[in-house]
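One letter stands for each residue in the lines below.
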Amino acid sequence: FPNAIILAYEPDIQARVRAQTLFSEIATERIQLFDNAISNVNEVRKLRYLDGIPGTGSTEISDMGDVSVYLSRLDDCIPAINGESGLLWLDVEGHAIQALQGMPMTLKKVKVAKIEIQMQKMSKSRRKDFNEVIELLLVQKLYPLFAPLHPGYFGDIIFVKGEYLSSIKIIKSKFLIYQLKILHNFIYPAMRKHSAS
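Keep in mind the model is a prediction, meaning the values are calculated, not measured.

Engineer: Go over helix 6 (residues 167-190) with me, naming the residues and quoting the values.
Structural biologist: Across its 24 residues, helix 6 extends 34 Å between first and last C-alpha, which sits within 8% of the 34 Å expected from 1.5 Å per residue. For helix 6, the principal kink sits at Leu183 and spans about 40°.

Structure below.
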């Protein structure tokens, strides 16, 4: 895709510096890297390093945070998109619901989305969010085609715009949604495969 433009967002300064170094090594002008975090509001909040170490990717938005970060709705902070957006790759450490709520116009143009979804509660304060994320994407006619079925806390789900899918694929997608809901809402909790501590 020689004409593709890549817009990347990374609020963790050490991870961003590493990314900038890699981008300079491949010598491309097509990647634009921004220092804000993607959310459903435009405001300054705190970024907390879950393991206390910047640059590891383990972060969350929290009042107990370590550094200030600007949260942005993706629809408000990206340049006007001409044509299709193509691929959305979202890995925002349990902040997927808020990020997706801030990009309804962008999602209308997305063909394929790879979303890291929180499947289980990691603690009482961090809910599982896969049900709501799937619903937000279905509204935009993005159907899940692949999802991990293991009882992990997080998992990447691949979504594809319905206009590129056959009727059979859409039916299979609906079965996948039911399977995920049964496993993660009933079977795995009954088997004590995860817990909210």
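Engineer: An account of a nonpolar patch on the surface is needed here, citing residue identities and associated values.
Structural biologist: Together, Ile168, Ile171, Phe175, Tyr178, Ile182, Phe186, Ile187 and Met191 line one region of the surface with nonpolar side chains, adding up to about 880 Å² of accessible area. By the element assignment, Met191 lies in the segment after helix 6.

Engineer: Explain the pattern of salt bridges residue by residue, including any values.
Structural biologist: Counted according to the given criterion, the structure contains four salt bridges. Between Arg45 and Glu43 there is a salt bridge, with the nearest N and O atoms lying 3.6 Å from each other. Since its relative accessible area comes to 29%, Arg45 is described here as partly exposed. Measuring nitrogen to oxygen at the nearest pair gives 3.6 Å for the salt bridge that ties Glu135 to Lys181. Here Glu135, found in helix 5 (residues 130-139), pairs with Lys181, found in helix 6; they are 46 residues apart in sequence, far enough to count as distant. Residue class for Lys181 comes out partly exposed when judged on its relative accessible area of 25%.

Engineer: Which residues make up the sheet that holds strand 6 (residues 67-73), and what values do they have?
Structural biologist: The strand order 3-6-4-5 describes an open sheet built from four strands, whose pairing is mixed. Of all strands in the sheet, those bounded by a partner on one side alone are strand 3 (37-39) and strand 5 (59-61). Put simply, the sheet's adjacent strands are angled 45° from each other on average, direction ignored. Alignment of strand 4 (residues 43-49) against strand 5, held across three bridges, turns out to be antiparallel. Bridge pairing links Tyr49 to Thr59 in strand 5.

Engineer: Provide a residue-level description of the packing of helix 5 against helix 6, including the pertinent values.
Structural biologist: Axis separation between helix 5 and helix 6 bottoms out at 11 Å; the angle between their running directions is 165°. One finds that helix 5 runs roughly antiparallel with respect to helix 6. When the axes of helix 5 and helix 6 are compared, the crossing they make is left-handed. Here Phe130, Asn131, Ile134, Glu135 and Leu138 of helix 5 come into contact with helix 6, specifically with Ile177, Leu180, Lys181, His184 and Asn185. The residue inventory of the contact of helix 5 with helix 6, partitioned by class, reads five nonpolar, three polar and two charged.

Parameters at a glance
- Residues numbered from 1 in each chain as written.
- Predicted model: local features only at pLDDT ≥ 70, side-chain atom pairs only at ≥ 80, totals over all residues.
- Heavy atoms only, no water.
- Helix = DSSP H or I, 4+ residues; strand = E, 2+ residues; numbered from the N terminus.
- Expected span 1.5 Å × (residues − 1).
- Bend = angle between axes of the 7 residues up to and from the residue.
- Patch = residues over 30% accessible without salt bridge, like charges linked within 9 Å, V, L, I, M, F, W, Y side chains within 5 Å.
- Areas by Shrake-Rupley, 256 points an atom, 1.4 Å probe, with all protein chains shown as cover.
- Salt bridge = Lys/Arg side-chain N within 4 Å of Asp/Glu carboxyl O.
- Buried < 20%, exposed > 50% of the residue type's maximum accessible area, 1.4 Å probe, protein only.
- Pairing = 2+ DSSP bridges.
- Axes fitted to C-alpha atoms, helices over the stretch in contact; angles between N-to-C directions.
- Parallel < 35°, antiparallel > 145°, perpendicular 65-115°, else oblique.
- Left-handed = near helix turned anticlockwise from the far one by under 90°.
- Contact = heavy atoms within 4.5 Å.
- Nonpolar A, V, L, I, M, F, W, Y, C, P; charged D, E, K, R; others polar.

These values are about where atoms sit, not about what they do.
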